[in-house]
Amino acid sequence: MQVISFWSRSSVSEDLGCKRGEFSRKHYGSVELLISSDADGAIQRAGRFRVENGSSGENTDCAPGTWHRTDVHLENPEYHTRWYFKYFLGKVHQNYIGTDAEKNPFFLSVVLSDQNNQRIPQYHSILWRKTGTQKICLPYSPTKTLSVKSILSAMSLDKFEKSPREIFHPEIQKDLLVLEEQEGSVNFKFGVLYAKDGQLTDDEMFSNETGSESFQRFLHLLGDTITLKGWSGYRGGLDTKNDTTGTCSIYTVFQGHEIMFHVSTMLPYSRENKQQVERKRHIGNDIVTIIFQEGEESSPAFKPSMIRSHFTHIFALVRYNKQNDSYRLKIFSEESVPLFGPPLPSPPVFTNHEEFRDFVLVKLINGEKATLETPTFSQKRQRTLDMLIRSLYQDMSPDLHRGNNMLNRRSFSDVLPESPKSTRKKEEARQAEFVRLGQALKLKTTVKGDTTTNLATAGYCKKEPWESQSFCSNFPHEVVCADSWGQSLLVSTDAGILLIDDGRPSVPVFDKTLQIKQMNVLEALDLLIARTDKGKDSRILVFRLSAIQKAIETKKMIRSKYDCRENKLERTKGCHLYAINTHHGSELRIVVAIRNKLLLVTKKYISLSILTSTSLLSSPESPVEEFQYIREICLSDPPVVMTLVDGPTGDSDNMICVAYRHQFDLVNESTGESYRLHHVEANRVNFVAAIDVYEDGEAGLLLCYNYICQYRKIYPFSGGSSLVQPSVYDFHFSWNQVPYAVVCAFPYVLAFTTDSIEIRLVVNGNLVHTAVVPELQLVASRSDIYFKATAAVSESSDSTSKEMSSKSSPQTLRAYEKPEFPLPSLEGEVPCKNLYKIPLSNLVGRSIERPLKSPLAPRVITPTTLSGFTSLPSTHSLSLSRMEIKEIANRTRKELLGLLDEPIPKTECAQKLKKIPRRQSDPKQGAVRSSSSDRIISSSFEGYSERCHLSTSSDPDTVANREESSPSSSPFQLISLDDEDIIDLK
């Protein structure tokens, strides 16, 4: 009976993993034709809008595709997307000009910078073209030079009409900053229209002279009432000199964005003008408008067609319920507006007013950004960008035609070249002027309020879904591959196959003679599938998990490669890749790739309900006999990536997605017919993954290669053509850095690079967060996500934080010196390798109904409880006393101010110095406020603003309190969103 307990205990993890690829756009509303009529019933206007009203309630159970939690995130946040302001201004960088094969001018900016003070040097590159900006990160190698040509090639720009040449004039920084500002404003203006119960026309709504008490409370929740005359902040088009647009308005700062609300009852009212043109002039020209409607739910509802405006694309309908003191929200978006989050919760009722305020503001900001991608706005932006780039190119043309030898010599040389000794002094002077102008421009832009303040990091106060937990500290082995087993991790390392559990010593399962390159733990089937060795000796092995666990419990001798002869699957010799079907079905399917041949092998599923202890105990130790060979399929080339796609019937429509050469193909499992899915238009292709996802039960694929992630819908599929026809649901987006692995967990898709995790939304590809993790390696991702990261702990004391900061000081710049960054694995440093876990339940918004038991834990049969929930294991954190934190914080501040002669002791804690922004919370409705001085300081005008901010704002008590309130040891939490904030200890 104990074996029965082992079989039945841990299928929840696998179920969760199976559902991870299922998503639905229905959470973001459905498009409806909305018609408005007057009091007599005559039709006035009609329009097609996407209506978001939360779930309709028909899916009350946890059926596949349903989602019952909403995470609130700003999409494409400026502190992640405004690269030129963040990484380039005020620092030595290079700018190039050229024309492509179609004679369209372009600009390229390149800087070698430290990634968020994580000691990771990277090249940040921006390509400015009339179609928009393209941004990529390229790794830095001290032994391999990087040329302009290689950077442009990575951006798929290989042919030129005129080769790029460098621009030396420092004034180019001002022009490039203007180009970046075309991406959209960092500040926002939203309309707020008050509607009484029963009002059906915009003339009636705009004619309301005053609002109700509940409307005033709603305005009080949105922001502060400010006097317009003499207002020095963001004004949103309102008159701040002569009171021609009213005397007061509502204003707030939210996550670094200044927001001005155009409130209908605060704008000028005219008794003679029934149309209230002055009010419509402002609210009618806002992209987003809030409609606060009085009345019961049964009253006639607001429709966007009631408002005569060609400019407003999004309406947020707000109703207040006095009985339960709650707000109900409904969103109308013009049909052409791309999907944007967060999706409304089910039901869309908010009893917590603070959460409602945060949700509404994030939704409206994301909505305005999404609207800028509609044809109406994107075409205007493209014309403006084209005009600016061509005008700038013409201004630069006289300098380019002078035949400057330095320009030609450096056109395809290293991005940071060595200068001749004879020109060093001249180059130093030019770079000093370049940096001075850039810093002045950065300061001026910040004072004007044209950039987000560092208050945008308010997200530190809340727990994010991607926050990790420490799983295993000081892991000394190199990881080849791994897979989760319950709450444990089965890892293939250079020392053999180990079973690791949180808080327990690792247990060896196989010795190092068995080299596993790929593995899958299938708990529901009691199977371990593995690909071992390499080259001609490679094989597919299958094991029973129960047999492995029994050997662990009885402490039998560790198995070697030579004990696994009975576990080899026939016909699999020489395989280099395999794939299994990851979703529920009637059978397990394995496709094994042996050069250009695909071998299809299946195993029938056995229902746990019909299993008995006798049948389990009498089953052979090796499950090889349970697998059967089906057929062999020949391809034109060996596949690099392979994924199985479940068909809608599962009969003869299952497909195999393979990637080779420059294409992704679909291969029918039953017939072997091949269909072209996607052709990659690039000289070099780095295939990353093909992830099967299921939108409302219909299969699709996320095709990942180079910097691109392309979504292609597969079904309904017609095999009549050799090409898979494009669908209206197809879309694509670009990563900022080439990933080596991509993991999908709706609503997120995570890209893993060598030093960062880039987190985007599946439905639109919008960026929500970038976490910098030094020496990152993805370990396993079938259920929970496991990764390894290296934290360098220095043993020497000859390098201080003051010396580190001086390396970026303008006074120490040298034209002939490349920026030096302390790499994570320098001499004198001890690498500390840790394993971390991101629980899948946190990402997909589902709770696990019962705890997953570890194979290492004693088997105890316990009765089922009603709740069945347990808390996740506590995380490991660096233990420091409050006094130690205060002392180190004080010494750090004094040293940065030059008041301390001796350096900070290089303790284990001192090496974890990170930066977080100073935040100022307003007690009023939790709004985040800022002053102009904070904006100036938070921009960190390098050289003295950082010291100024430290001297006025650094409080050790605040530091200690923040340490006590942060229980997680995730490496993400140590990351600042800007590299120029106040120092804090973690």
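What comes next is a walk through the structure. This structure is a prediction, so every number in the text was calculated from the model and none was measured. (Residues numbered from 1 in each chain as written. Predicted model: local features only at pLDDT ≥ 70, side-chain atom pairs only at ≥ 80, totals over all residues. Heavy atoms only, no water.)

Structural notes on the overall build of the protein
The helix and strand tally for the protein stands at 21 helices and 45 strands. Evaluated residue by residue, the protein yields a buried proportion of 55% over its 986 residues. For the protein, contacts bridging at least 24 residues in sequence account for 66% of all contacts bridging at least 6. (Helix = DSSP H or I, 4+ residues; strand = E, 2+ residues; numbered from the N terminus. Buried < 20%, exposed > 50% of the residue type's maximum accessible area, 1.4 Å probe, protein only. Contact = heavy atoms within 4.5 Å.)

Re the nonpolar core
If you look at the biggest cluster of nonpolar residues, it comprises 40 residues, and the most contacted ones within it are Val192, Phe218, Phe261, Ile290, Leu329 and Phe356. Within the residue set of this core, elements represented by two or more residues are β9 (188-195), α8 (213-222), β11 (248-254), β12 (257-263), β13 (288-293), β14 (314-321), β15 (326-334) and α10 (353-371). The dominant element in this core, judged by the number of residues it contributes, is α10, at 8 residues. For Leu329, the residues in contact, after removing those within four places along its chain, are Asn53, Ala316, Leu317, Val318, Leu344, Pro348, Phe350, Phe356, Phe359 and Val360. Judged by nonpolar contacts, the second largest core, of 24 residues, contains Phe88, Ile172, Leu176 and Leu441. (Core = buried A, V, L, I, M, F, W, Y, C linked by side-chain atoms within 4.5 Å.)

Remarks on the sheet that holds strand β38 (residues 748-752)
Pairing in this open sheet of 4 strands is antiparallel, and the strands run β37-β38-β39-β40 from one edge to the other. If you trace the sheet from one side to the other, it starts and ends with β37 (741-745) and β40 (767-772), each paired once. Pairs of neighbouring strands in the sheet enclose a mean axial angle of 15°, with direction left out of account. In the sheet, β38 pairs with strand β39 (residues 756-761) via 5 bridges, with the strands oriented antiparallel. Counterpart to Leu750 in the pairing with β39 is Ile759. (Pairing = 2+ DSSP bridges. Axes fitted to C-alpha atoms, helices over the stretch in contact; angles between N-to-C directions.)

Re the pairing of β39
Where burial is concerned, most of β39 is hidden: 6 out of the 6 residues are buried. Neither face of β39 is exposed, since Ser756, Glu758 and Arg760 on one face and Ile757, Ile759 and Leu761 on the opposite face are all buried. Counting the residues that bridge the hairpin from β38 to β39 gives 3 residues. Pairing between β39 and β40: 5 bridges, direction antiparallel. Opposite Glu758, over in β40, you have Thr770 as the bridge partner. Hairpin connection, β39 to β40: the antiparallel pair is bridged by 5 residues, and Gly765 has positive phi, about 75°.

Some thoughts on the pattern of salt bridges
Evaluated as defined, the whole model comprises 34 salt bridges. The salt bridge partner of Glu478 is Lys833, with a shortest N-O separation of 2.8 Å. Within this pair, whereas Glu478 is found in the loop between β17 (469-472) and β18 (479-485), its partner Lys833 is found in strand β43 (residues 829-838), the two being separated by 355 residues in sequence. On the basis of relative accessibility, which here comes to 40%, the residue Glu478 falls in the partly exposed class. For Lys833, a relative accessible area of 18% corresponds to the buried category. Arg589 is the salt-bridge partner of Glu669, the closest N and O atoms lying 3.0 Å from each other. Taken together, the positions of Glu669 in the loop between β31 (663-668) and β32 (674-679) and Arg589 in strand β26 (residues 587-594) put the pair 80 residues apart, joining distant regions of the chain. (Salt bridge = Lys/Arg side-chain N within 4 Å of Asp/Glu carboxyl O.)

Quick word on the packing of helix α6 (residues 172-181) against helix α13 (residues 424-448)
Orientation of α6 relative to α13, taken along the N-to-C sense of each, is 35°, at an axis distance of 9 Å. In terms of crossing hand, the pair formed by α6 and α13 is right-handed. Within the contact between the two elements, α6 uses Ile172, Gln173, Lys174, Leu177 and Glu181 and α13 uses Phe434, Leu437, Gly438, Leu441 and Thr445. Across the contact of α6 with α13, the residue classes tally to 5 nonpolar, 3 polar and 2 charged. (Left-handed = near helix turned anticlockwise from the far one by under 90°. Nonpolar A, V, L, I, M, F, W, Y, C, P; charged D, E, K, R; others polar.)

Considering the packing of aromatic side chains
Here a ring pair, both rings aromatic, is described through the centre-centre distance and the interplanar angle of the planes. According to the stated counting rule, one finds 31 aromatic pairs in the structure shown. Ring geometry for Phe510 versus Phe543: centroids 5.1 Å apart, planes at 50°, classification tilted. Of the two residues, Phe510 is situated in strand β21 (residues 507-510) and Phe543 in strand β24 (residues 539-544); the sequence distance between them amounts to 33 residues. On the basis of relative accessible area, Phe510 is assigned to the buried category, the value being 1%. The exposure class of Phe543 is buried, given its relative accessible area of 1%. Between Tyr711 and Phe731, the ring centres sit 5.4 Å apart and the planes meet at 25°, which makes this aromatic pair stacked. Taken together, the positions of Tyr711 in strand β35 (residues 708-713) and Phe731 in strand β36 (residues 731-734) put the pair 20 residues apart, joining distant regions of the chain. Here Tyr711 matches Phe731 in class, with each residue buried. Connected via pairs of aromatic rings, a cluster forms that spans Tyr194, Phe215, Phe218, Phe292, Tyr320, Tyr327, Phe350, Phe356 and Phe359. (Phe/Tyr/Trp six-rings, centres within 6.5 Å; stacked < 30°, edge-to-face > 60°.)

Some details on the packing of α8 against α10
Orientation of α8 relative to α10, taken along the N-to-C sense of each, is 70°, at an axis distance of 10 Å. On the basis of the axis angle, α8 is roughly perpendicular to α10. Between α8 and α10 lies a crossing whose hand is right-handed. Along the contact surface, α8 presents Phe218, Leu221 and Leu222, while α10 presents His353, Phe356 and Arg357. Of the residues contributing to the contact of α8 with α10, the split by class is 4 nonpolar, 1 polar and 1 charged. (Parallel < 35°, antiparallel > 145°, perpendicular 65-115°, else oblique.)

A short note on the sheet that holds strand β25 (residues 577-580)
Either a parallel or an antiparallel arrangement is found when strands of a sheet pair, and the pairing is made through backbone hydrogen bonds. Read across the sheet, 4 strands follow the order β25-β26-β27-β28 without closing on themselves; strand pairing throughout is antiparallel. Single-partner strands in this sheet number two, and they are β25 and β28 (628-634). For this sheet, the mean inter-axis angle between neighbouring strands, taken without regard to orientation, is 20°. Pairing analysis gives 4 bridges linking β25 to β26, with the strands arranged antiparallel. The residue bridging Ala579 from the neighbouring strand is Val591, located in β26.

A closer look at unusual backbone geometry
In this structure, Pro342 follows Gly341 across a cis peptide bond, with omega equal to 0°. For Pro342, the location among the structural elements is in the loop between β15 and β16 (349-350). The peptide bond linking Phe746 to Pro747 adopts the cis configuration, its omega dihedral lying at 10°. A positive phi is found at Arg571, a non-glycine position, where the angle reads about 70°.

So, the side chain of Arg531
As for its position among the elements, Arg531 is in strand β23 (residues 527-532). Buried charge Arg531 goes without a salt bridge, the closest partner of opposite sign being Asp533 at 9.5 Å. What Arg531 contacts, discounting residues up to four positions off in sequence, is Gln515, Ile516, Lys517, Gln518, Ser538, Arg539, Ile540, Cys575, His576, Leu577 and Tyr578. (Lys, Arg positive; Asp, Glu negative; His and termini not counted.)

Section: a positive patch on the surface
On the surface, Lys536, Arg565, Lys568, Lys573 and Arg595 cluster together into a patch of positive charge. The topology assignment puts Lys568 in the loop between α14 (545-553) and β25. (Patch = residues over 30% accessible without salt bridge, like charges linked within 9 Å, V, L, I, M, F, W, Y side chains within 5 Å. Areas by Shrake-Rupley, 256 points an atom, 1.4 Å probe, with all protein chains shown as cover. Charge placed at Lys NZ, Arg CZ, Asp CG, Glu CD.)

Function cannot be inferred from these measures alone, as they are strictly geometric.
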